[in-house]
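# Structural characterization, general
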Protein chains: 4
Amino acid sequence: MTTPAFRGVIPPVLTPLDASGAFDETAFERLVERLIAGGVHGLFVLGSSGEVAFLSDDERTRVLEASVRVAAGRVPVIAGVNEMTPARVIGQVRLAEAAGVDAIVATAPYYARPSAAEVETHFRTIAAATSLPLFAYDVPVRVHSKLDHAMLVRLGVEGVLAGVKDSSGDDVAFRRLVMANRAAGSPLALFTGHEVVVDGALLAGADGVVPGLGNVDPGRYVQLFDAAGAADWVRVRELQDEVAELFEIVFQANGVSGEAAGLGAFKTALAHLGVISSNRMSQPVPSLEGDTVARITAIVDRAGLSA
Amino acid sequence: MTTPAFRGVIPPVLTPLDASGAFDETAFERLVERLIAGGVHGLFVLGSSGEVAFLSDDERTRVLEASVRVAAGRVPVIAGVNEMTPARVIGQVRLAEAAGVDAIVATAPYYARPSAAEVETHFRTIAAATSLPLFAYDVPVRVHSKLDHAMLVRLGVEGVLAGVKDSSGDDVAFRRLVMANRAAGSPLALFTGHEVVVDGALLAGADGVVPGLGNVDPGRYVQLFDAAGAADWVRVRELQDEVAELFEIVFQANGVSGEAAGLGAFKTALAHLGVISSNRMSQPVPSLEGDTVARITAIVDRAGLSA
Amino acid sequence: MTTPAFRGVIPPVLTPLDASGAFDETAFERLVERLIAGGVHGLFVLGSSGEVAFLSDDERTRVLEASVRVAAGRVPVIAGVNEMTPARVIGQVRLAEAAGVDAIVATAPYYARPSAAEVETHFRTIAAATSLPLFAYDVPVRVHSKLDHAMLVRLGVEGVLAGVKDSSGDDVAFRRLVMANRAAGSPLALFTGHEVVVDGALLAGADGVVPGLGNVDPGRYVQLFDAAGAADWVRVRELQDEVAELFEIVFQANGVSGEAAGLGAFKTALAHLGVISSNRMSQPVPSLEGDTVARITAIVDRAGLSA
Amino acid sequence: MTTPAFRGVIPPVLTPLDASGAFDETAFERLVERLIAGGVHGLFVLGSSGEVAFLSDDERTRVLEASVRVAAGRVPVIAGVNEMTPARVIGQVRLAEAAGVDAIVATAPYYARPSAAEVETHFRTIAAATSLPLFAYDVPVRVHSKLDHAMLVRLGVEGVLAGVKDSSGDDVAFRRLVMANRAAGSPLALFTGHEVVVDGALLAGADGVVPGLGNVDPGRYVQLFDAAGAADWVRVRELQDEVAELFEIVFQANGVSGEAAGLGAFKTALAHLGVISSNRMSQPVPSLEGDTVARITAIVDRAGLSA
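Residues numbered from 1 in each chain as written. Chains lettered and ligands numbered in written order. Predicted model: local features only at pLDDT ≥ 70, side-chain atom pairs only at ≥ 80, totals over all residues. Heavy atoms only, no water.

With that out of the way, let us pick up the interface of chain A and chain B. Taken together, the 41 residues of chain A in the interface contact 41 residues of chain B. Summing both sides of the interface, chain A and chain B together bury roughly 3,200 Å²; the carbon and sulfur share of this comes to 56%. On the chain A side of the interface with chain B, the three residues burying the most area are R88, Y111 and R113 of chain A, jointly 26% of the side's total. On inspection of chain A and its partner chain B, the count reaches four salt bridges. A salt bridge links R88 of chain A to E83 of chain B; its shortest N-O distance comes to 3.0 Å. Across the chain A-chain B interface, the total number found is 19 residue pairs in polar contact (both at pLDDT 80 or more). (Contact = heavy atoms within 4.5 Å. Buried area = accessible area lost by both parts, 1.4 Å probe. Salt bridge = Lys/Arg side-chain N within 4 Å of Asp/Glu carboxyl O. Polar contact = N/O pair within 3.5 Å; in protein donor to acceptor, adjacent residues only side chain to side chain.)

Structure, rendered in structure tokens:
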């Protein structure tokens, strides 16, 4: 088996905004420094959790440049190249290359409604246009198609893909992907994107995790990953239960979108801890307010977190 | 009641590519001239049928500029401003404004998963950023949310929206939209995007149609619209049946995406008629070949179309 | 072309309950007599609108027997045989046969997740077990698969199916079904189940309509059908608009199921008109109350209906 | 914490048919004896894997009676009471009670489209009609609604529900259910229905598993459960990988329904092992044949199973 170059806890870094809605680079720097101090193994910027869908290309460029500058080679920077089809994704790849990131992450086409063969061509077309390692991001809840595990392993064996971030919520398929990848010599680094089932994913053989909640509590995720590495599964389970309790912050808002509730909760927690200056969200997503904020900060306080 | 500024047959103009995959401006000019000669009441460029999802911003700009140049004021040019969230849509609006189009069309957010309130804010944010008339494009099969008819009429009354292109496939909801719009003084121009149910939509009170098949047979759609205007519903039905038979071209391909089958059929028909030079599709969509092409051209020949 | 044995307005008859939740045969008799007086061309009992899903086999038998007794040969009685797979549907067919109905209606399998071939076998198996004419009920919102139009016409040509009740909400597919059926010699009688698009369906060539709202206003639907027969499409449209306004009663309840809102509205309207004695729904569906009832009865009053 | 009365490996027992399609009671007896010899902790009969959807009430009764007779008190018998709404489910409960089973399992309503409140009333209505312990079966892929974890725990605390069989494929929601149940004093026995993620489910705190594949390899599931009880997670993982390899039998058929592929594979494996006499499936599901059978038996042989 090969040792994947990318493994461990790689949080999808939030994009802090100031009260006017502009990218808050100072807050971003504090956030990234806290993640690195917490022991994370990489940074995934411009993911769904980074509000990539809501940022203009200029804003995306500023986030990319800030990421590379602050990381300063201490941990790899992996960048989302988020667009709907190959030609447009490659436009995003150029922004990422110019900023000097270490790897890129692309979804299947969306808005378009591709066949399975077209999805495969999509990844091949992107990979052929860059020398950066390419991860596939499996997120059917957003792009409305599921990536086939046999296709993923085939592209891994051929060197088209370096890894997969699985946010499909389909644990049966993820287990099949892990097994097929192992049988093929483990060409792919496999990450789960689900915060509260990391224990099971690591037990099944995942190489790492991309937890949105890792923005708020990077340290516990690193401990969890290390405990799994030491095969101390009882400790893994304890840590998983602890972060799962903290994850309840994303279920406190009612009647708003998933972005408003989930990312809004992460931002609210980090603003409460003083890591970022505002829980402001991008247009058209409302920022959390009032009782919802109070319920979230109470959960954060119970978890004993500090900046 | 007000008379809507936009009405009639406004086909979603295809984007012809040459054999290398580049935008074929000469073919585009032939296509547009044939549409105008066929009597269409406007041009909708950079829609889903225009492969907007697959075009880079540079390619989109070239299509916009060619559209305005060729139309030359004879019919209005309505442009899709297709991106996933308000900030990015507004980037597209700037391209459309620079080219000099007459109106723009935006979908609900996608990739993002907005609440109903966020969808409304999305349209308000776009409209506030431009003086161009804004149409809402209701296409849940691509963006995975349905536009609420009461919201649409409310935005029409307030002057935020000028009209709606309905490709929701929900004829019950469309009827409710027509009735609510009429009760509010008809602030919205209402178009159906479904080729084979135009008769029913016009009977219900639609202001026009945006038929992909109108690229192939603009004349019959114009006759159909005129017959409806003359309340000659028996003739409307006959014409609808004729275009419905032609529409079978989109069902000839098997095992490919909807884009490959549907848009590929339109391009194949137009290449057969000599209007465009190639049925080439954008990456990663395969172009139709072999028996499929033969079945499509046979249907086109039966319909007695000419360039 | 053959003349279908079944055509016209065939409402899906509600199943009135008394205040204790038991089948109210007296109210059912009043309801059916009012439908026949309104000129309907048949009765469809034990459909979704008849709350068939909520009735035990004993209750279903009582409804079947009452239907045949009250109809007394004046109009045909068509009965839903609603179960999840062939063996269980055939059990329901035996109940319908024993009661003496004139035709039966079956959906695709549900709970089970059949392939297209299994759906076809399903209908063949049912038809082989009875001499009653069999209609296919296309209702993907309940059974989660769509019936293929080519399969339906094939079974029509072979004499397996006598007709189709289309509640798919897919007007493009319905148009294709109408055209394919006509090309095959019209073996199938084609009905739409959507109350507010009957004008378009008849213009397209439907043989009739199965409108839940026909329980409340049978007369207008019969007028609409007759106007279509006379090719008076302007009058058809007027009548369609009138029933569409009345149909707003189904959108008055908030936060309840479709059954509670829709069937509850029909029952509330009929109780207000004195046709049935109670708007009581089957367990676990709540009956409409308070302001919702007031809004519904106001719409009914505006429509000028009487018992 | 309470000790749940139901825990461990409780396979959803297949319903063997003979070559004519009739219930094969002799094969059923062999199957059940082999399961008990394999150490299973209970039998779940008339589940989806038992083809309950395809059996008439008479056939269901024969399965129930055979189950109780063969189990003879050695392990508890839990019976599916599978119907679409409360009144009809209670009809099934009477069959189960008459046969003498130990507990029953019901889904949310289907075909009907209930609100969350109606789902809760549904379970309350069923529980009020029987003294048997009631399990909720969460299977959105069949019934098209997901059971809310807070509702489930509430009904557990009130004594309405004894447990949950989770086949939702939503591991995040299952983790939240486990945590909420534990916080409430563990009133519910929690089972996962997914064969290849049992390790993660047990690590998270599940009380047991209902694996369809347990029909084929009961012994390894019992070993896996015991290893988890001994906190030997390395061994749990090894066993999970072994059964996951065997589970590939369900992915060998192409172009057929999930029932045909999955249950067909289990039956094919058991027929190959000589436990049952035929891999025959219920109408309209085709039995597996030819190369598919060969691929399945090769996988079974590699796993080293015996009757």
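Now that the structure has been shown, the text picks up again.
For chain A and chain C, which are not in contact, the least C-alpha distance works out to 13 Å. Over all C-alpha pairs, chain B and chain D never come within contact, reaching a minimum spacing of 13 Å.

Attention now moves to the environment of V210 of chain C. Residues and elements named next belong to chain C. Within the secondary structure, V210 sits in the loop between strand 8 (208–209) and helix 9 (218–229). Since its relative accessible area comes to 6%, V210 is described here as buried. Taking the C-alpha atoms as reference, V210 lies 4.7 Å from P11; in sequence the two are 199 residues apart. Beyond its immediate sequence surroundings of up to four residues, V210 is in contact with I10, P11, P12, F44, K165, F191, T192 and G193. (Helix = DSSP H or I, 4+ residues; strand = E, 2+ residues; numbered from the N terminus. Buried < 20%, exposed > 50% of the residue type's maximum accessible area, 1.4 Å probe, protein only.)

With that settled, the discussion passes to the pattern of salt bridges. Opposite charge on two side chains permits pairing when their charged atoms draw close. Inspection of the entire model under this criterion finds 84 salt bridges over all chains. The shortest N-O distance in the salt bridge between R62 of chain A and E25 of chain A comes to 3.5 Å. Here R62 of chain A, found in helix 2 (residues 57–71), pairs with E25 of chain A, found in helix 1 (residues 25–37); they are 37 residues apart in sequence, far enough to count as distant. The exposure class of R62 of chain A is partly exposed, given its relative accessible area of 39%. The residue R154 of chain D makes a salt bridge to E120 of chain D at a minimum N-O spacing of 2.6 Å. Residue R154 of chain D is found in helix 6 (residues 149–157), and its partner E120 of chain D is found in helix 4 (residues 116–128); the two are separated by 34 residues along the sequence. When salt bridges with common partners are traced through the structure, they connect D57, E83 and R88 of chain A together with D57, E83 and R88 of chain B into a single cluster.

With that out of the way, let us pick up the sheet that holds strand 2 (residues 43–45) of chain C. Residues and elements named next belong to chain C. The strand order across the open sheet built from eight strands is 1-8-7-6-5-4-3-2, with neighbouring strands paired in parallel fashion. Of all strands in the sheet, those with a lone pairing partner are strand 1 (8–9) and strand 2, marking the two edges. Pairing analysis gives four bridges linking strand 6 (residues 163–166) to strand 7 (residues 189–192), with the strands arranged parallel. When the sheet's bridge partners are listed, V164 is paired in strand 7 with L190. Those strands touched by helix 4 (residues 116–128) are strand 4 (103–107) and strand 5 (134–138), and its axis lies near 155° from that of strand 4. (Pairing = 2+ DSSP bridges. Axes fitted to C-alpha atoms, helices over the stretch in contact; angles between N-to-C directions.)

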